[in-house]
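Tertiary structure, described
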Amino acid sequence: MLRPRHESWMRRALSVASSSAEDVPVGAVIYGPDGVELAAAGNERELTGDPTAHAEIIALRRAAVLTGSWRLTGCTLVVTLEPCTMCAGALVLARVSRLVFGAWEPKTGAVGSLWDVVRDRRLTHRPEVYAGILEDECAALLRDFFRS
């Protein structure tokens, strides 16, 4: 039941990632508890010169502004690439309830590849994780970017 919804949401994140012109094509979309899209973002590090301008961070900030709260309880973050430590920590601190991601990131991934920040039992909040959703499409987008 969740898989079709997650695939649909990941297609939206892929669309956002594809619109990144000069930056690594990562797309993040946050959905509210009711399944309505709250915010979407692609990486903007090159555009802004900001090392923290990852797609997930920008989407979290936009969703917080829209909801009027830093607590995104009940929300789902959908991202085309496994989050890094910064982004994994931010989604935990924002109390995001679910994380859905596409491609694994063996070099910097913090949701099971290199580290597992979101499942650390020492933390008071641990989101549900759905990994590998449309993994091949998400990985292909990145491969194509780095090839060119």
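Everything numeric in this text was worked out from a predicted model, so none of it was measured.

Our next topic: the pattern of salt bridges. A complete count under the given rule lists seven salt bridges for this structure. Between R45 and D23 there is a salt bridge; the shortest N-O distance is 3.8 Å. Pair noted here: R45 is in helix α2 (residues 45–48) and D23 is in the loop between α1 (2–18) and β1 (27–31), with a separation of 22 residues, a long-range link. Owing to a relative accessible area of 29%, R45 belongs among the partly exposed residues under this scheme. The closest approach of N and O atoms between R62 and E44, which form a salt bridge, is 3.5 Å.

It is worth spelling out the UniProt feature "binding site: Zn(2+)" (unreviewed entry) in the chain at this point. Those places that UniProt annotates as "binding site: Zn(2+)" (unreviewed entry) correspond, in this numbering, to H54, C84 and C87. These annotated residues cover 34 residues of sequence, but their C-alpha atoms sit close together, with the largest distance between any two at 9.4 Å. With respect to the helices and strands, H54 occurs in the loop between α2 and α3 (55–67). Judged by its relative accessible area of 15%, H54 falls in the buried class. Here H54 is in contact with N43, R45, C84, M86 and C87, once residues within four sequence places are set aside. Note that C84 resides in the loop between β3 (76–81) and α4 (85–93). Ignoring sequence-local partners within four residues, the contact set of C84 consists of H54, T108 and A110.

To continue, consider the pairing of strand β2 (residues 37–42). With five bridges connecting them, β1 and β2 associate as antiparallel partners. Bridged to G27 within β2 is G42. The antiparallel hairpin formed by β1 and β2 contains five residues in its connecting segment, where G35 sits at a positive phi of about 85 degrees.

Right, let's get into unusual backbone geometry. Unlike most non-glycine residues, R95 shows phi in positive territory, near 65 degrees. The topology assignment puts R95 in the loop between α4 and β4 (98–103). By relative accessible area, R95 is classed as partly exposed at 28%. Despite not being glycine, L134 has its phi angle at roughly 50 degrees, a positive value. Mapped onto the elements of the fold, L134 is located in the loop between β5 (128–130) and α5 (135–147). Classification of L134 by relative accessible area gives buried; the value is 8%.

Glancing now at the side chain of E82. Within the secondary structure layout, E82 lies in the loop between β3 and α4. Although buried, E82 forms no salt bridge, and the nearest oppositely charged side chain, R119, lies 7.1 Å from it. Here the side chain of E82 touches V111 through a polar contact of 2.9 Å, landing on its backbone nitrogen. When near neighbours in sequence (up to four residues on either side) are disregarded, E82 contacts F101, A103, W104, E105, G109, A110, V111, G112 and S113.

Taking 1.5 Å per residue, 17 residues should reach 24 Å; α1 reaches 24 Å between its end C-alpha atoms and fits that length. When α1 is considered as a whole, its buried residues turn out to be H6, W9, M10, A13, L14, V16 and A17. All buried residues of α1 fall inside an arc of 155 degrees around its axis, so they share one side. Projecting away from the buried face of α1 at angles above 90 degrees are the exposed residues P4 and S18. Against the buried residues of α1 lie β1, β2, β3, β4, β5 and α5.

Conventions we followed
Residues numbered from 1 in each chain as written. Predicted model: local features only at pLDDT ≥ 70, side-chain atom pairs only at ≥ 80, totals over all residues. Heavy atoms only, no water. Salt bridge = Lys/Arg side-chain N within 4 Å of Asp/Glu carboxyl O. Helix = DSSP H or I, 4+ residues; strand = E, 2+ residues; numbered from the N terminus. Buried < 20%, exposed > 50% of the residue type's maximum accessible area, 1.4 Å probe, protein only. UniProt positions renumbered as here; feature names shortened; annotations may be inferred. Contact = heavy atoms within 4.5 Å. Pairing = 2+ DSSP bridges. Lys, Arg positive; Asp, Glu negative; His and termini not counted. Polar contact = N/O pair within 3.5 Å; in protein donor to acceptor, adjacent residues only side chain to side chain. Expected span 1.5 Å × (residues − 1). Arc of directions from axis to C-beta.

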